[in-house]
Protein chains: 2
Amino acid sequence: MASAGVAPVDRDGEFATVGRIRDAAIARFARDGFRVGLRTIAADAGVTAGLIVHHFGSKDGLRRACDEQVLAVLRETKAKALTDGSGVTLLAQMAEVERFAPMVQYLLRSLQAGGELAATLIEHMIADAEEYLSAGEAAGVVRPSRDRAARTRYLAYQAAGGMVLWFTLHGAPASADEFSALFRRYLDDLMLPGLELFTEGLLVDRSMLDEYLMYVPDPPSGDADNAAR
Amino acid sequence: MASAGVAPVDRDGEFATVGRIRDAAIARFARDGFRVGLRTIAADAGVTAGLIVHHFGSKDGLRRACDEQVLAVLRETKAKALTDGSGVTLLAQMAEVERFAPMVQYLLRSLQAGGELAATLIEHMIADAEEYLSAGEAAGVVRPSRDRAARTRYLAYQAAGGMVLWFTLHGAPASADEFSALFRRYLDDLMLPGLELFTEGLLVDRSMLDEYLMYVPDPPSGDADNAAR
DNA sequence: CACCAGATTAAACACTCGTTCAATCCGCTC
DNA sequence: GAGCGGATTGAACGAGTGTTTAATCTGGTG
């Protein structure tokens, strides 16, 4: 298989131009953020700004098309990764393959800017984490929590937010290779402290936690509010 | 004390206008992000766009003045909080006082956008965390780490990044009161999972950590690179 | 009072942005 | 081959942006 959703489908004429514009937009949005002008993207795709709005209606339409494309590729890749078993380091292995680098960068930009895709992405991450953590609990390798949903959300927000902030402060890489290298360095910085914290915790005694539990004996109580946020 | 660096100094004539413009800019930047036009800020301050660049040279000059002001207030408040002893929940208590809400929001916007103030702020947070964690280690309430610097940076990035992402996805509040309420809800969502993770960890056994330590026996080795990043 | 420096304003400038429009090009069908 | 519809273009529009400029106002000084 020469192209599986990432590279633009080569069926001549049909979606050649539209796909080329969309992929160029993803790459350019990922590299320079969502404030780039339509003319820059048009130049990247070798077309005119007018043609973009002819095909996508508006810049926001282009943005939505990019979101859908990235989400589609993410779902497809995730489905493939599940058969391989190692789905946890999904983003990591996506960053390894240079072809996916622009999409990962695009996702980081989306999380940074907020919006619908960002919310959807976080929900995906939370759902995945919920699955893995539940399986881990059942297998006896993950400690149970007093409020599993809250812990899952906490871990997802911390992981995603920390990653976005790290890349924000370490400068946007220009090429896909640079991004892959930077991503590997991020994992290097992350792995030891993360594993340490996850296996040994941070505090020696449990006085702080017990004090909090005494002061706020709030049960999980699965309120409807948690679903919306 | 009627005004301690937060409210614009009332010494008539002198810095009245400049301070008013700067404070209006901080509030407006905090509320709507850094993309707002000078005319909007000017209208908030009751002046003209031209006057702003007359006093601050350019929009970037205004931005720098805001950064310095926020940083100055942060330092001052931190110094005061140190005498009270409870410096850990610095941002929390700052958000409680409605007067500080725009500044905290401004800091979040800065972290989201990146730039010099964001880098400085993260360095501050890392330095503070380093201090508290070291003290905790010495007092025997914080577990030692195989790489203390890396752990400190990890915790700072996760905490700050998670907070920024949370507020990004939960919509920017319009008023200072709303922000305070939202901040309190954020702490509520955060506290239990955080304390749980910090006191009990996440994993039951240490096989993952040991495996990593075996695979990558990299010592801390305090390389010069860590200082710059 | 004359004068001057700084504060302040309204208007204009130059630029970029997303979007619109009329015109052209190209491939297909009758 | 005529004609049609979509792809594509280049230019223009209108609304924004940050910045500049000339003019006006104002308060203190000689």
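Structure: see above.
What comes next is a walk through the structure. (Residues numbered from 1 in each chain as written. Chains lettered and ligands numbered in written order. Predicted model: local features only at pLDDT ≥ 70, side-chain atom pairs only at ≥ 80, totals over all residues. Heavy atoms only, no water.)

Our next topic: the protein's contact with DNA strand C. Neighbouring DNA strand C are 17 residues; Leu38, Arg39 and Lys59 of chain A together with Thr17 and Thr48 of chain B lie closest to it. When the atoms of DNA strand C within 4 Å of the protein are grouped by moiety, sugar and phosphate amount to 57% of the total. Residue Thr48 of chain B places a side-chain N or O atom 2.9 Å away from a phosphate oxygen belonging to DNA strand C. Those elements giving two or more residues to the surface near DNA strand C turn out to be helix H2 (38-45) and helix H3 (49-56) of chain A together with helix H3 (49-56) of chain B. (Near = heavy atom within 4 Å. Polar contact = N/O pair within 3.5 Å; in protein donor to acceptor, adjacent residues only side chain to side chain. Helix = DSSP H or I, 4+ residues; strand = E, 2+ residues; numbered from the N terminus.)

Let us now look at the interface of chain B and chain A. Contact residues are listed per partner, giving 59 residues for chain B and 60 residues for chain A. Summed over both partners, the interface of chain B with chain A buries about 5600 Å², with 64% contributed by carbon and sulfur atoms. Our count for the chain B to chain A interface comes out at eight salt bridges. For Glu200 of chain A, the salt bridge identified is with Arg146 of chain B, shortest N-O distance 3.0 Å. The tally of links between chain B and chain A comes to 21 residue pairs in polar contact (both at pLDDT 80 or more). Its residues placed into classes, the side of chain B that touches chain A shows 32 nonpolar, twelve polar and 15 charged. (Contact = heavy atoms within 4.5 Å. Buried area = accessible area lost by both parts, 1.4 Å probe. Salt bridge = Lys/Arg side-chain N within 4 Å of Asp/Glu carboxyl O. Nonpolar A, V, L, I, M, F, W, Y, C, P; charged D, E, K, R; others polar.)

Here we take up the packing of helix H7 (residues 116-139) of chain B against helix H8 (residues 148-169) of chain B. Residue and element names in this part refer to chain B. Taken N-terminus to C-terminus, the directions of H7 and H8 make an angle of 125 degrees; their axes are 9 Å apart at the nearest point. Here H7 is positioned oblique relative to H8, judged by the angle of their axes. Here the hand of the crossing between H7 and H8 comes out right-handed. Residue-level inspection shows Ile122, Met125, Ile126, Ala129, Glu130, Leu133, Ser134 and Glu137 of H7 in contact with H8, the latter providing Arg148, Arg151, Thr152, Arg153, Leu155, Ala156, Tyr157 and Ala160. In the contact of H7 with H8, the residues fall into nine nonpolar, two polar and five charged. (Axes fitted to C-alpha atoms, helices over the stretch in contact; angles between N-to-C directions. Parallel < 35°, antiparallel > 145°, perpendicular 65-115°, else oblique. Left-handed = near helix turned anticlockwise from the far one by under 90°.)

Residues and elements named next belong to chain B. Within the element layout of this structure, Thr152 appears in helix H8. Taking the C-alpha atoms as reference, Thr152 lies 20 Å from Leu117; in sequence the two are 35 residues apart. Discounting residues that sit within four places of it in the chain, Thr152 has contacts with Ile126, Ala129, Glu130 and Leu133. A polar atom in the side chain of Thr152 sits 3.4 Å from the side chain of Glu130.

Within the structure, DNA strand D sits among 17 residues, and Thr17 and Thr48 of chain A together with Leu38, Arg39 and Lys59 of chain B are positioned closest to it. Within the side chain of Thr48 of chain A, one N or O atom sits 2.9 Å away from a phosphate oxygen of DNA strand D. Contact distances for DNA strand D include 3.1 Å between a phosphate oxygen and a side-chain N or O atom of His54 of chain A. Among the secondary structure elements, those contributing two or more residues to the surface near DNA strand D are H3 of chain A together with helix H2 (38-45) and H3 of chain B. Of all the elements, H3 of chain A adds the most residues to the surface near DNA strand D, at four residues.

The subject of this paragraph is the packing of aromatic side chains. According to the stated counting rule, one finds 20 aromatic pairs over all chains in the structure shown. Plain terms: the ring middles of Phe183 of chain A and Tyr186 of chain A are 6.3 Å apart, the flat faces sit at 70 degrees to each other, and that makes the pair edge-to-face. Of this pair, Phe183 of chain A and Tyr186 of chain A both sit in helix H9 (residues 176-200), three residues apart, which is roughly one turn of that helix. An identical accessibility class is assigned to Phe183 of chain A and Tyr186 of chain A; each is buried. When the ring of Trp166 of chain B is compared with that of Phe167 of chain B, the centres are 5.2 Å apart and the planes differ by 70 degrees; the resulting orientation is edge-to-face. Each member of the pair Trp166 of chain B and Phe167 of chain B is classed as buried. Linked through ring pairs, Trp166, Phe167, Phe179, Phe183 and Tyr186 of chain A together constitute an aromatic cluster. Cation over ring: Arg63 of chain A sits above Phe34 of chain A, and NZ or CZ is 3.6 Å from the ring centre. (Phe/Tyr/Trp six-rings, centres within 6.5 Å; stacked < 30°, edge-to-face > 60°. Buried < 20%, exposed > 50% of the residue type's maximum accessible area, 1.4 Å probe, protein only. Lys NZ or Arg CZ within 6 Å of the ring centre and 35° of its normal.)

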